[in-house]
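Residue-level structure breakdown
Below are the chains, spelled out letter by letter.
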Amino acid sequence: MLFCVQALLWLFWFFLGACLFSFAGVVACRLPKGEGALWGRSHCLSCGRILGPAELIPCLSYLLQRGRCRGCGGKIPVRDFGIELLGGLCACASMLRWGGERDRVWVTLLALLLLVTVALTDYDTKEIYDRFHVLLLLCGVAAIWAFPETELSARLIGCVVLSVPMLIVALFLPYSFGGGDIKLAFALGFLLGWRGIVCVMFLSFFAAGSLCIWRLARKQAGWKDQIAFGPFLCAGAAVALFYGNEVVDWWLGLAKY
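Residues numbered from 1 in each chain as written. Predicted model: local features only at pLDDT ≥ 70, side-chain atom pairs only at ≥ 80, totals over all residues. Heavy atoms only, no water.

Another point: the packing of aromatic side chains. Going through the model one piece at a time under the given rule, you end up with eleven aromatic pairs. Summarising the aromatic geometry, the rings of Phe12 and Trp13 are spaced 5.8 Å apart at their centres and angled 75 degrees between planes, so their arrangement reads as edge-to-face. Looking at Trp13, the relative accessible area reads 3%, which means it is buried. Pairing Trp13 with Trp106 gives two aromatic rings, centres 5.4 Å apart and planes at 50 degrees, and the pair type is tilted. Taken together, the positions of Trp13 in helix α1 (residues 2–30) and Trp106 in helix α4 (residues 102–125) put the pair 93 residues apart, joining distant regions of the chain. An aromatic cluster of three or more residues is present, and its members are Phe177, Phe205, Phe229 and Phe232. Taking the ring centre of Trp98 as reference, the NZ or CZ of Arg97 above it sits at 4.5 Å. Positioned over the ring face of Tyr129 is Arg131, at 5.6 Å from the centre of the ring. (Phe/Tyr/Trp six-rings, centres within 6.5 Å; stacked < 30°, edge-to-face > 60°. Buried < 20%, exposed > 50% of the residue type's maximum accessible area, 1.4 Å probe, protein only. Helix = DSSP H or I, 4+ residues; strand = E, 2+ residues; numbered from the N terminus. Lys NZ or Arg CZ within 6 Å of the ring centre and 35° of its normal.)

Put into structure tokens, the structure is as follows:
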């Protein structure tokens, strides 16, 4: 009986995360088009048919419909399913990491929701809207109470640890970082503190650099081609939300040798 209750609890958190991230996918799709994210019914992107309740169940509806619209048979983007699945896994990971500390769970999940929205929007448009920076800063304010071990001074230092170097580089290399990336680094620094943003810096630059080298080696890009850096910052921040201190401690431990 206890096992069934626990299974239902985990299922609830999975579908909650899937629903939240599904909304993030809708925001990332509609915002660049100037459409309202909070109003307007969900519809098929191929035929425009309004989706029924059964077609809006995260993950499950995609699998039951085999990735196709019930009306026109058009393919549903597999990205939509991936976003919902990621949301479910993130919600469960938050519960697994923080357990009964619900304040930490909710702040982490809210931050992840914003991060995935920023990543999707920047990937599609190479633009990060200022409203997301503000929301991440507000999330950082909530994190002051949820994560009191990260002092306010550490958060203020974190604001400049990465954003200021990125700003200096952007002044000398105009096509290196955009203003949205710099403001995102500032907001993430306040959310995570200096240790967390160091983790973000290490992971994001390593991942972005590796991708650029791989694309250059395969002649898929030139030296002047640009990539969206926001998704790498967001991915690094997602890791830092869970294990930022541990990653920095590991990195500093390697630096001693």
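Having seen the model, we can carry on.
Let us now look at the nonpolar core. In this structure, Leu188 and Leu191 are the most contacted members of the largest nonpolar core, which totals 58 residues. Setting aside chain neighbours within four positions, we find Leu188 in contact with Leu115, Leu136, Gly193, Ile197, Leu233 and Ala237. Counting five residues, the second largest nonpolar core, distinct from the first, contains Cys59, Tyr62, Phe81 and Cys92. (Core = buried A, V, L, I, M, F, W, Y, C linked by side-chain atoms within 4.5 Å. Contact = heavy atoms within 4.5 Å.)

With that out of the way, let us pick up a nonpolar patch on the surface. A contiguous nonpolar surface patch, about 840 Å² in accessible area, is contributed by Val160, Val164, Leu167, Ile168, Val169, Leu171, Phe172, Leu173 and Phe186. When residues of the nonpolar patch are assigned to their parent elements, the largest contribution, six residues, is made by helix α7 (residues 163–172). Along the chain, Leu167 falls in helix α7. Under the relative-accessibility criterion, Leu167 is labelled partly exposed at 39%. (Patch = residues over 30% accessible without salt bridge, like charges linked within 9 Å, V, L, I, M, F, W, Y side chains within 5 Å. Areas by Shrake-Rupley, 256 points an atom, 1.4 Å probe, with all protein chains shown as cover. Salt bridge = Lys/Arg side-chain N within 4 Å of Asp/Glu carboxyl O.)

This paragraph deals with helix α5 (residues 130–146). In this model, α5 (17 residues) spans 24 Å end to end at C-alpha, consistent with the 24 Å of a helix rising 1.5 Å per residue. Along α5, the residues that are buried comprise Phe132, His133, Leu136, Cys139, Gly140, Ala143 and Ala146. Buried residues of α5 fall within an arc of 120 degrees about the axis and therefore sit on the same side. When the buried face of α5 is taken as reference, the exposed residues oriented beyond 90 degrees from it are Leu138 and Trp145. (Expected span 1.5 Å × (residues − 1). Arc of directions from axis to C-beta.)

In total, this model carries five salt bridges according to the counting rule given. Across the salt bridge formed by Arg79 and Asp124, the nearest N and O atoms sit 3.0 Å from each other. Taken together, the positions of Arg79 in helix α3 (residues 78–98) and Asp124 in helix α4 put the pair 45 residues apart, joining distant regions of the chain. The closest approach of N and O atoms between Lys183 and Asp130, which form a salt bridge, is 2.6 Å. Note that Lys183 is positioned in helix α8 (residues 179–217) and Asp130 in helix α5, a separation of 53 residues in sequence. Overlapping salt bridges bring together Glu101, Arg104 and Glu149 as one network.

This part is about unusual backbone geometry. In this structure, Cys59 is a non-glycine residue whose phi angle is positive, near 65 degrees. Among the secondary structure elements, Cys59 is positioned in the loop between α1 and α2 (60–64). With a phi angle near 55 degrees, Lys126 is a residue other than glycine that sits in the positive phi range. Here Lys126 lies in the loop between α4 and α5. The class of Lys126 is exposed, set by a relative accessible area of 54%.

Contact geometry of helix α6 (residues 152–161) with α8 gives a least axis separation of 6 Å together with a crossing angle of 110 degrees. With respect to each other, α6 and α8 are oriented roughly perpendicular. As for the relative orientation of α6 and α8, their crossing is right-handed in sense. Residues Leu152, Ala154, Arg155, Leu156, Ile157, Gly158, Cys159 and Val161 of α6 form the contact with α8, whose own contacting residues are Ala185, Phe186, Gly189, Phe190, Leu191, Leu192, Gly193, Trp194, Ile197 and Val198. Per-class residue counts for the contact of α6 with α8 are 14 nonpolar, three polar and one charged. (Axes fitted to C-alpha atoms, helices over the stretch in contact; angles between N-to-C directions. Parallel < 35°, antiparallel > 145°, perpendicular 65-115°, else oblique. Left-handed = near helix turned anticlockwise from the far one by under 90°. Nonpolar A, V, L, I, M, F, W, Y, C, P; charged D, E, K, R; others polar.)

Right, let's get into the environment of Gly67. Structurally, Gly67 can be placed in the loop between α2 and α3. Taking the C-alpha atoms as reference points, Gly67 and Asp80, separated by 13 residues in sequence, lie 9.8 Å from one another. Those residues within four positions of Gly67 in sequence are excluded, and the remaining contacts are Tyr62, Gly74, Lys75 and Ile76.

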